[in-house]
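One letter stands for each residue in the lines below.
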Amino acid sequence: KMSAFREAIAKEVRKELMNPEFDSRRSKNGGRVFWVKLATATGFGQFVKEHPPYDDNVAAVHTTMSGAAAAVVADRGDEVRMTEGYVLTLASPFCLAVAGVRWVGEGSGTKVPVFTVQNATHGISLDAAGVELDNVRFAAPSTDEALSMIRIKGAGCKVQNIVGIGSGAALNFVDCITVGKGSDDLVLNNIRLTSSGAAPVKTFLRFEQPTSRFTSAGFYARGSVATAGVIDDSGARIKDANISDWRIAVGGSAKPAVTLDATGGEGTVVNSFFAGTHTTLATNAVFSGDYRLSQVYVSEETGNAAQGALIPAVDSE
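Residues numbered from 1 in each chain as written. Predicted model: local features only at pLDDT ≥ 70, side-chain atom pairs only at ≥ 80, totals over all residues. Heavy atoms only, no water.

Q: Explain the overall build of the protein chain to me, and be specific about the residues and the numbers.
A: Counting its secondary structure elements, the protein chain contains five helices and 26 strands. Its C-alpha atoms give the protein chain principal-axis dimensions of roughly 90 × 40 × 35 Å. Taking all 317 residues of the protein chain together, 47% fall into the buried category. Put simply, the protein chain shows about 14500 Å² of open surface, and 52% of that area lies on carbon and sulfur atoms. (Helix = DSSP H or I, 4+ residues; strand = E, 2+ residues; numbered from the N terminus. Buried < 20%, exposed > 50% of the residue type's maximum accessible area, 1.4 Å probe, protein only. Areas by Shrake-Rupley, 256 points an atom, 1.4 Å probe, with all protein chains shown as cover.)

Q: If you had to explain the nonpolar core to someone new, which residues and values would you point to?
A: W103, I150, F219, I248 and F274 are the most contacted members of the largest nonpolar core, which has 74 residues in total. When residues of this core are assigned to their parent elements, the largest contribution, five residues, is made by strand β21 (residues 241–251). Those residues in contact with F274, other than ones at most four positions away along the chain, are W246, I248, A257, V258, V269, A285, F287, V296, Y297, V298 and S299. (Core = buried A, V, L, I, M, F, W, Y, C linked by side-chain atoms within 4.5 Å. Contact = heavy atoms within 4.5 Å.)

Q: With reference to specific residues and values, describe the pattern of salt bridges.
A: All chains considered together, the criterion is met by 12 salt bridges. For the salt bridge of E79 with R81, the shortest nitrogen-to-oxygen distance reads 2.6 Å. Grouping residues by exposure puts E79 and R81 together as buried. Among the salt bridges present, the one from R102 reaches E132, with a minimum N-O distance of 3.4 Å. Here R102 is found in strand β6 (residues 102–105), whereas its partner E132 is found in strand β9 (residues 132–138), with 30 residues between them in sequence. The two residues R102 and E132 agree in class, both being buried. Connected via shared salt-bridge partners are E79, R81, R102, E132 and D134. (Salt bridge = Lys/Arg side-chain N within 4 Å of Asp/Glu carboxyl O.)

Q: Residues and numbers for the sheet that holds strand β19 (residues 230–232), please.
A: Taken in spatial order, the eight strands of this open sheet run β5-β8-β10-β14-β16-β19-β22-β24, and their pairing is parallel. Each edge of the sheet is formed by a strand with only one pairing partner; in this case those strands are β5 (94–96) and β24 (285–287). Going from strand to strand, the sheet's axes swing by 15 degrees on average, the running direction of each strand aside. For strand β16 (residues 203–207) and β19, the ladder comprises three bridges, and the chain directions are parallel. For L205, the partnering residue across the bridge sits in β19 and is V230. (Pairing = 2+ DSSP bridges. Axes fitted to C-alpha atoms, helices over the stretch in contact; angles between N-to-C directions.)

Q: With reference to specific residues and values, describe the environment of I162.
A: With respect to the secondary-structure elements, I162 resides in strand β11 (residues 158–165). You can call I162 buried: its relative accessible area is 0%. Between the C-alpha atom of I162 and that of R137, which follows or precedes it by 25 residues, the distance is 5.8 Å. Excluding anything up to four places from it in sequence, I162 contacts L133, N135, V136, F138, I150, N190, I191 and R192.

Rendered as structure tokens:
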């Protein structure tokens, strides 16, 4: 009888383990899953019932990102899911300061979570190691000269599937994404950014400090810039870069698409296209140091009159 009882219990446990509701509470990295959903969202009450607190009475559903940030545990493999239609106005930087947490937006297209930077500050700041930010959208800022959409300061971070509007009307970000000190082993994948001519961003991507082992697959940026499409500050060399599928076309007077010229830079660049308005083909896409390029095209045309040239190429200008 006891054996039959144990078998029955085991059967029920197996059944629960296969329950989709149970499985949805375990992240892909083995930690807990938390949700951020506006209390005013349709069906909020039912959603909370379907996602009850964990056994230690820690809530699974939070109405703010701050609430979810207080619930996660460093390096447990936790994941925070911002639900479809979530919107947040950022009056100051929201810091993702707990290591090893994945923050992911649910939904697709215009239904993904949307952030609006309200003041002259950074938007989302990845401050801890191993933080991921996935599938969110940044609206044009509601103030002029907002510092950035995303600032990265932690090692081993990953930022992917981001859509960002760098400027609108007369209001713009200074830089769309900034990479600061301590950002080794950074991954940037499938980033899509735009900037209007009325209020251009300075850059789409700025490296402020030295960075090692940088990987990026899919970085798409188009629009006017005040400085360059991508730039490294003086001394901010990138080592062991692995860049592929970049498509960057910038407007403005004498603006390069890419200027990565800090001493000591090195890496590979493959299957990419850069269009700038600088004086020569060579200066529209600068990869100084030990960069190895393959199938990299550059254009200095401001329209569709000619196609890009494979670099390095003879430039008679």
